[in-house]
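Observations on the model geometry
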Amino acid sequence: MMTHTKINDFVVKFANTNGTGSASANTMFAKAIMRMGVPVSAKNIFPSNIQGAPTWYEVRINERDFLARRAGKCDIVVAMNAQTYSLDVSDVIDNGYFLYDSSKPLSDTLTSQNIHYLGIPIADICRKEFNNPRQRQLFKNVIYLGALAALLGIEFNVIKTLISEQFKTKEKLISANIYALELGHQYAINHFSCPLDYQIQRRDLINNRIMVNGNTACALGAIYGGATVVGWYPITPSTSVVDAFANYCQRLRVDPASGKKNYAIVQAEDELAAIGIAIGGGFNGARAFTATSGPGISLMAEFLGLAYFAEIPVVLMNIQRAGPSTGMPTRTQQSDILACAYASHGDTKHILLFPDSPHECFELSAMAFDLADRLQTPVIIMSDLDLGMNDHLTAPMQWNDKHKYDHGKILSMRELDSLLSFGRYRDVDGDGICYRTIAGTHPTKGAFFTRGTSRNQDAVYSEKSSDYVANMQRLERKFDSAKSYLPKPQVISNDTPSDVALIYFGTTSQAITEAVYLLKAQGINVNLMRIRAFPFQSQVATFINNHAKVFVIEQNRDAQMRTLLMSELNLAPDNLLSIVNYDGLSIPAQAIVDGVVTHCNQQQEVS
Amino acid sequence: MSFAKSTFHHKGLPKNELGLTYRDYEGALSTLCAGCGHDSISAAIVHACHELSIEPHTIVKMSGIGCSSKAPNYFLNNAHGFNTVHGRMPSVTTGANMANQHLTYLAMSGDGDSASIGLGQFAHVVRRQLNMVYMVANNGVYGLTKGQLAATSDKGVKNKAGEMSLFNDIDLCCMALQLGASFVARCFSGDKRQLVPILKAAISHQGFAFIDIISPCVTFNNHPDSTRSYDYVQQHVTAGAITDYVPIKEEITSVAGDGEYDDICLHDGSVLRIKKLDQNYDASNRLTAMIDIEEHKKRGEILTGLLYVDPTARSFHDINETSQTPLNQLQQDVLCPGERVLASINKSLR
Ligand SMILES: Cc1ncc(C[n+]2csc(CCOP(=O)(O)OP(=O)(O)O)c2C)c(N)n1
Ligand code: SF4
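A few points on the structure. (Residues numbered from 1 in each chain as written. Chains lettered and ligands numbered in written order. Predicted model: local features only at pLDDT ≥ 70, side-chain atom pairs only at ≥ 80, totals over all residues. Heavy atoms only, no water.)

**Let's talk about the overall build of chain B**
- Scanning chain B from N- to C-terminus turns up 12 helices and 11 strands.
- When the backbone C-alpha atoms are referred to their principal axes, chain B occupies close to 75 × 50 × 50 Å.
- Here chain B holds 350 residues, and 56% of them are scored as buried.
- Contacts in chain B between residues at least 24 apart in sequence constitute 69% of all its contacts with a sequence separation of at least 6.
- Surface exposure of chain B reaches about 14,400 Å², of which carbon and sulfur atoms provide 51%.
- Put simply, chain B has 30 plus and 35 minus side-chain charges, and the middle of one group is 7 Å from the middle of the other. (Helix = DSSP H or I, 4+ residues; strand = E, 2+ residues; numbered from the N terminus. Buried < 20%, exposed > 50% of the residue type's maximum accessible area, 1.4 Å probe, protein only. Contact = heavy atoms within 4.5 Å. Areas by Shrake-Rupley, 256 points an atom, 1.4 Å probe, with all protein chains shown as cover. Lys, Arg positive; Asp, Glu negative; His and termini not counted. Charge placed at Lys NZ, Arg CZ, Asp CG, Glu CD.)

Here it is, written out as structure tokens:
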């Protein structure tokens with residue numbers, strides 16, 4: 001067989017069984033590569049099931065920082081789940097490697113492929129070396145980790161350090177794990193020619209980047225943004241936002257002197273209550289949020305309308321998954337865009353933020369609380385399962401101590417004293433954003449009745465058409481004012497002029513640098529714009545109008561972002577093309593390239 | 001058409017400790033039907049708050065949707081109010097209470113609002129032991145949507161349109177007792193002598209206080225086929241006990257040895273004095289309270305009064321160990337861990 005060495009550019013996939021404790025070994029594998037200075041990304045592909053079902057963990061190593069999911073087959077599969085062997089074998093590229101537990105022989109049907117088989121009798125080794133059944137199970141993972149280190153040339157010390165860090169306080173576990181690691185390492189050295197033609201070589205390409213998942217970053221953003229009230233109801237893939245928030249709060253938000261909590265987390269009875277609690281908190285002047293996913297968004301719609309119309313600040317983190325209905329609960333999508341932009345009945349619109357990395361999950365989550373307070377309306381963070389639950393290499397989270405929270409237009413007791421009269425919904429500044437007061441502020445001034453029914457500008461119930469229309473127009477004005485507070489789109493123009501452009505947002509961003517590179521190789525230059533917020537700022541329309549062909553790239557069937565762009569910016573559909581990917585896995589660069597090339601070819605045929 | 005209340009003040013109106021008259025506790029002019037029981041509840045709240053000398057602006061009025069939920073408009077003009085969505089007042093009140101535990105949360109709901117669409121939220125706010133006063137203005141029908149049967153309508157009764165209630169009713173007091181409410185009472189909106197002291201006690205109670213207030217709907221449920229009509233309730237109400245509320249500063253005369261009285265000391269030092277009509281009535285027994293309610297119901301009677309109280313209750317914030325400073329008043333320097341901490345978090349992720 002012909003071999004040529006591939007350095008720092010390949011895909012390794014781990015096939016495991018849910019509940020066997022493989023996650024930490026797999027994460028260590030990815031982290032070891034990062035610590036060797038080589039860019040790496042990792043994706044969990046897991047079932048909506050607790051135990052016993054197959055799970056996969058796909059690691060892409062790429063020193064050019066192409067870290068989106070690579071289309072096609074993998075280079076190396078570490079197959080630890082006999083039930084998926086045949087699937088896993090077919091997932092290996094020609095001349096690739098299939099590492100498996102050879103305690104039991106592989107069936108002949110599996111060995112016929114044109115790939116290399118690396119059999120390690122892992123179960124046998126474990127049976128011999130360890131007595132405890134749980135250890136026998138757990139150390140299997142550590143053994144293949146040790147073997148991979150030898151096979152791929154990962155520095156052994158790097159992994160050893162990772163293990164020591166993981167079991168920081170448990171000396172006994174460290175030595176036992178390192179022993180298992182060495183068993184695997186030694187076996188590989190004794191039986192295979194290490195390293196293989198796939199190799200990790202030390203580089204210095206990570207700089208100060210960190211590896212973290214988006215949900216943890218959102219949780220930290222909420223802490224830094226000053227959130228104190230959380231109402232939530234468990235739903236994959238958003239649950240870990242609140243888990244992480246609770247964990248960090250225990251460390252960072254308990255008053256050391258009194259032992260009292262500077263936060264309140266209420267696990268609600270359902271999503272209706274979850275957002276109700278957040279809205280109650282926002283109404284009463286606390287920074288409050290909830291986290292959910294598609295089905296939760298549906299239930300929260302009525303309340304979102306109330307918060308919009310009654311003008312109550314609240315932050316919602318929507319970690320999107322594949323819909324409709326219960327859809328594919330553990331697969332990723334960007335398919336709640338329209339549902340969130342217009343959630344609830346009547347003329348309702350909401351502020352959306354689209355983070356594309358954990359770094360931005362942190363930044364936008366923290367910023368969301370300022371925005372919600374400033375604009376007195378719900379702000380929805382549009383993350384997704386891929387961003388939220390997978391570890392990503394990302395710029396470090398950033399906070400500037402000089403930044404002061406923007407609580408918006410809240411009147412203090414003193415300000416109320418100096419006012420002749422107060423009207424909750426008077427547009428004093430002409431920006432559509434009114435002044436509010438918080439319960440308990442003043443004995444005689446500033447109290448008003450919050451309601452979801454129509455009212456005049458002094459918050460008195462009114463069904464007068466003129467009052468209603470004036471209020472609706474002011475809300476529109478406020479939505480327009482919002483644009484100046486929202487993060488601007490990011491525009492990257494090519495050196496060479498181009499009439500082709502890509503618009504993308506959120507996790508579709510991961511595939512962009514690679515797509516641009518591949519397109520360039522085919523002679524197609526593209527300009528880029530990443531949308532970061534809704535409502536769209538004027539730059540978005542300008543950018544679209546400046547290009548003959550604009551591809552909107554998104555992960556849903558119905559091209560929801562394209563629809564939103566067309567309807568909100570009043571665009572003709574002709575030059576807004578769409579590239580969609582909605583199989584539940586994140587979009588690979590190749591899908592974007594194929595979409596653009598196919599269209600460009602069609603155009604040529606026509607002309 | 002808009003209504004305005006006269007701002008004329010009688011000079012001779014009695015003032016409370018804060019120097020406020022009951023007019024300082026009033027709300028907007030009611031737009032409910034003349035004679036609606038809900039207006040009597042509003043009036044009782046005005047009296048209770050005035051007599052307790054609570055600063056009106058330290059109260060937050062919460063409600064769902066329905067005629068009853070409109071009522072908070074009609075008391076306490078200087079308090080913030082929130083008319084939320086149908087059946088979901090409990091969650092919003094929970095959030096508001098999380099933000100500031102030191103205000104008084106007076107919540108008003110209807111039997112449709114609480115026993116139908118909002119039954120889940122009702123159950124869970126009881127479980128959560130939120131420190132609030134939860135009043136249900138119970139008229140056995142949907143008022144605002146014009147007279148449909150409610151889940152609290154007694155089986156076999158008819159609404160104005162002649163439609164019969166075919167299914168068992170939900171008794172919210174029994175539910176509240178079963179779910180662990182630390183204060184449960186049932187009153188009749190037409191009996192101010194009973195309602196005002198119970199309201200005062202509920203407000204003083206540090207924990208979840210539930211009051212089911214039979215509040216006849218004069219428009220849709222005041223006909224002979226109803227068990228929530230004014231006349232029916234007047235004739236069938238039996239008081240389990242008469243409750244007096246004795247504020248902290250009043251001397252509590254000794255009644256030791258008198259088996260007819262029960263003095264219950266609340267958290268804030270005030271006292272609930274219960275004069276038992278029924279010798280066996282014991283307001284500290286959750287189980288017998290449920291049995292009493294059911295037995296009276298079997299006899300076609302409505303048992304009213306303070307049905308149960310646990311003066312030692314712990315509320316959500318006690319259990320959560322929330323900071324004494326209201327969460328909505330914590331400043332950035334307390335809430336934000338700052339750059340240095342973030343740098344170390346970043347470091348831990350390399
Ligand atoms: C989601 C939703 N469903 C239905 C309604 C219509 N609705 C308004 S009030 C009400 C019933 C109110 O009955 P109740 O709570 O008993 O109060 P009452 O008017 O009798 O005081 C209904 C069904 C609504 N506002 N929202
Ligand atoms: S309809 Fe009934 S409940 Fe509603 S205001 Fe009139 S009397 Fe009261």
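**As for the overall build of chain A**
- The helix and strand tally for chain A stands at 20 helices and 23 strands.
- Expected size for 607 residues packed as a compact globule is a radius of gyration near 25 Å; at 27 Å, chain A falls within 12% of this value.
- Overall, chain A is about 85 × 75 × 40 Å in size when its C-alpha atoms are taken along their principal axes.
- Every one of the 607 residues in chain A was classed for burial, and the buried ones make up 61%. (Rg over C-alpha atoms; globule rule 2.2 N^0.38 Å.)

**Observations concerning the site of ligand 1**
- By nearness alone, 18 residues border ligand 1, and Cys-67, Ser-68, Asp-111, Asp-113 and Gly-143 of chain B come closest of all.
- One chain alone does not account for the residues near ligand 1; they come from chains A and B.
- Note that an oxygen atom of ligand 1 is positioned 2.9 Å from one of the side-chain N or O atoms of His-38 of chain B.
- In this structure, an oxygen atom belonging to ligand 1 sits 3.0 Å away from a side-chain N or O atom of Asn-139 of chain B.
- Look at ligand 1: alone it shows 600 Å² of surface, and the protein chains cover 76% of it.
- Top contributing element to the shell around ligand 1 by residue count: helix H4 (residues 111–117) of chain B, with four residues.
- Taken together, the residues of the shell around ligand 1 sort by class into six nonpolar, nine polar and three charged. (Near = heavy atom within 4 Å. Polar contact = N/O pair within 3.5 Å; in protein donor to acceptor, adjacent residues only side chain to side chain. Nonpolar A, V, L, I, M, F, W, Y, C, P; charged D, E, K, R; others polar.)

**Focus: empty space enclosed by the protein**
All names here are of chain A.
- Summed over the entire model, instances satisfying the criterion amount to eight cavities of 30 Å³ or more.
- Approximately 100 Å³ is the volume found for the largest cavity.
- What lines the largest cavity is a set of 13 residues, and nearest its centre among them are Asn-44, Ile-45, Gly-584, Leu-585 and Ser-586.
- The set of elements that each furnish at least two residues to the lining of the largest cavity consists of strand E3 (40–45) and helix H14 (385–389).
- Tallied by class, the residues present in the lining of the largest cavity amount to three nonpolar, six polar and four charged.
- The volume enclosed by the second largest cavity comes to roughly 80 Å³. (1 Å grid on protein atoms, 1.4 Å probe; cavity = no way out; pocket = protein on both sides within 12 Å on 5 of 7 lines; lining within 4 Å. Points joined across faces, edges and corners; volume = space filled by probe spheres on them.)

**Observations regarding the state of the cysteines**
Residues and elements named next belong to chain B.
- Overall, the coordinates contain zero disulfides over all chains when judged by the stated rule.
- Cysteine Cys-187 is unpaired, with the sulfur of Cys-173 as its nearest cysteine sulfur at 8.8 Å.
- On the basis of relative accessible area, Cys-187 is assigned to the buried category, the value being 0%. (Disulfide = S-S within 2.5 Å.)

**Describing the sheet that holds strand E10 (residues 271–276) of chain B**
All names here are of chain B.
- The strand order across the open sheet formed by three strands is E8-E10-E9, and the pairing between neighbours is antiparallel. Each of the sheet's edge strands pairs with one partner strand only, and the pair in question is strand E8 (241–246) and strand E9 (261–265). Ignoring strand direction, the axes of neighbouring strands in this sheet form an average angle of 20 degrees.
- Pairing geometry for E8 and E10, over six bridges, is antiparallel. (Pairing = 2+ DSSP bridges. Axes fitted to C-alpha atoms, helices over the stretch in contact; angles between N-to-C directions.)

**Considerations on the interface of chain A and chain B**
- Contacts between chain A and chain B engage 69 residues on the former and 53 residues on the latter.
- The contact between chain A and chain B buries some 5,000 Å² in all, and 60% of this surface belongs to carbon and sulfur atoms.
- It is Tyr-224, Glu-269 and Phe-449 of chain A that lose the most area in chain A upon contact with chain B, and together they represent 13% of the buried surface on that side.
- Our enumeration of links across chain A and chain B arrives at two salt bridges.
- A salt bridge links Glu-269 of chain A to Arg-128 of chain B; its shortest N-O distance comes to 2.4 Å.
- Taken together, chain A and chain B are joined by 26 residue pairs in polar contact (both at pLDDT 80 or more).
- Those elements that place two or more of their residues in the side of chain A that touches chain B are helix H1 (22–35), strand E9 (210–213), helix H8 (214–224), helix H9 (239–252), strand E11 (264–267), helix H10 (271–283), helix H11 (294–310) and strand E17 (449–451) of chain A.
- Here the side of chain A that touches chain B is built from residues that sort into 35 nonpolar, 21 polar and 13 charged.
- Two strands pair when backbone bridges link them, and E17 of chain A and strand E2 (residues 80–83) of chain B are joined in this way by three bridges, in the parallel orientation. Pairing of Arg-451 of chain A across the sheet is with Asn-83 of chain B, part of E2 of chain B. (Buried area = accessible area lost by both parts, 1.4 Å probe. Salt bridge = Lys/Arg side-chain N within 4 Å of Asp/Glu carboxyl O.)

**Structural notes on the environment of Asp-431 of chain A**
Residues and elements named next belong to chain A.
- Along the chain, Asp-431 turns up in the loop between helix H15 (413–418) and E17.
- The class of Asp-431 is buried, set by a relative accessible area of 18%.
- Sequence separation of Asp-431 and Arg-474 is 43 residues, and the distance between their C-alpha atoms is 8.1 Å.
- If we ignore the near neighbours within four places in the chain, the residues touching Asp-431 are Lys-409, Arg-477, Lys-478 and Ser-481.
- Of note is the side chain of Asp-431, whose polar atom sits 3.0 Å from the backbone nitrogen of Ile-433.

**Some remarks on the pattern of salt bridges**
Residue and element names in this part refer to chain A.
- In total, this model carries 41 salt bridges over all chains according to the counting rule given.
- A salt bridge links Lys-13 to Glu-58; the shortest N-O distance between them is 3.8 Å. Of this pair, Lys-13 sits in strand E2 (residues 9–17) while Glu-58 sits in strand E4 (residues 54–62), and the two are 45 residues apart along the sequence. Taken individually, Lys-13 and Glu-58 each receive the classification buried, so the pair is uniform in this respect.
- Notably, a salt bridge pairs Arg-35 with Glu-165, separated by 2.8 Å at the nearest N-O pair. Of this pair, Arg-35 sits in helix H1 while Glu-165 sits in helix H6 (residues 156–166), and the two are 130 residues apart along the sequence.
- Residue Arg-35 is classed as partly exposed on the basis of its relative accessible area, which comes to 24%.
- Taken together, the shared-partner salt bridges in this structure form one network comprising Asp-356, Glu-360, Glu-363, Arg-530 and Arg-532.

**Let's talk about helix H18 (residues 538–545) of chain A**
All names here are of chain A.
- Among all positions in H18, only Val-540, Ala-541, Phe-543 and Ile-544 are buried. One side of H18 holds all its buried residues, which, seen down the axis, span an arc of 160 degrees. Opposite the buried face of H18, by more than 90 degrees, sit the exposed residues Ser-538 and Asn-545.
- In this fold, the buried residues of H18 make contact with strand E18 (490–492), strand E19 (500–504), strand E20 (527–530), strand E22 (549–554), helix H19 (560–569) and strand E23 (576–580). (Arc of directions from axis to C-beta.)

**Digging into the layout of surface pockets**
Residue and element names in this part refer to chain A.
- One number sums up the size of the second largest pocket: a volume of about 1,200 Å³.
- Lining the second largest pocket are 48 residues, and of these Ala-23, Ser-24, Thr-27, Asn-213 and Asp-391 lie nearest its centre.
- Residue contributions to the lining of the second largest pocket peak at eight residues, all from H1.
- Grouping the constituent residues of the lining of the second largest pocket by class yields 17 nonpolar, 23 polar and eight charged.

**Quick look at the packing of H1 of chain A against H6 of chain A**
All names here are of chain A.
- Contact pair H1 / H6: the axes reach a minimum separation of 9 Å and the direction vectors enclose 125 degrees. Judged on the interaxial angle alone, H6 and H1 are oblique. As for the relative orientation of H1 and H6, their crossing is right-handed in sense. Seen from H1, the contacting residues are Ser-24, Met-28, Lys-31, Ala-32 and Arg-35; seen from H6, they are Val-158, Ile-159, Thr-161, Leu-162, Ile-163, Glu-165 and Gln-166.
- Grouping the constituent residues of the contact of H1 with H6 by class yields six nonpolar, three polar and three charged. (Parallel < 35°, antiparallel > 145°, perpendicular 65-115°, else oblique. Left-handed = near helix turned anticlockwise from the far one by under 90°.)

**Points about the side chain of Asn-581 of chain A**
Residues and elements named next belong to chain A.
- Mapped onto the elements of the fold, Asn-581 is located in the loop between E23 and helix H20 (589–606).
- Judged by its relative accessible area of 11%, Asn-581 is buried.
- Within the structure, Asn-581 has its side chain in polar contact with the side chain of Asp-583 (distance 3.2 Å).
- Leaving out residues up to four positions away in the same chain, Asn-581 has contacts with Glu-554, Gln-555, Asn-556, Ser-586, Ile-587 and Pro-588.

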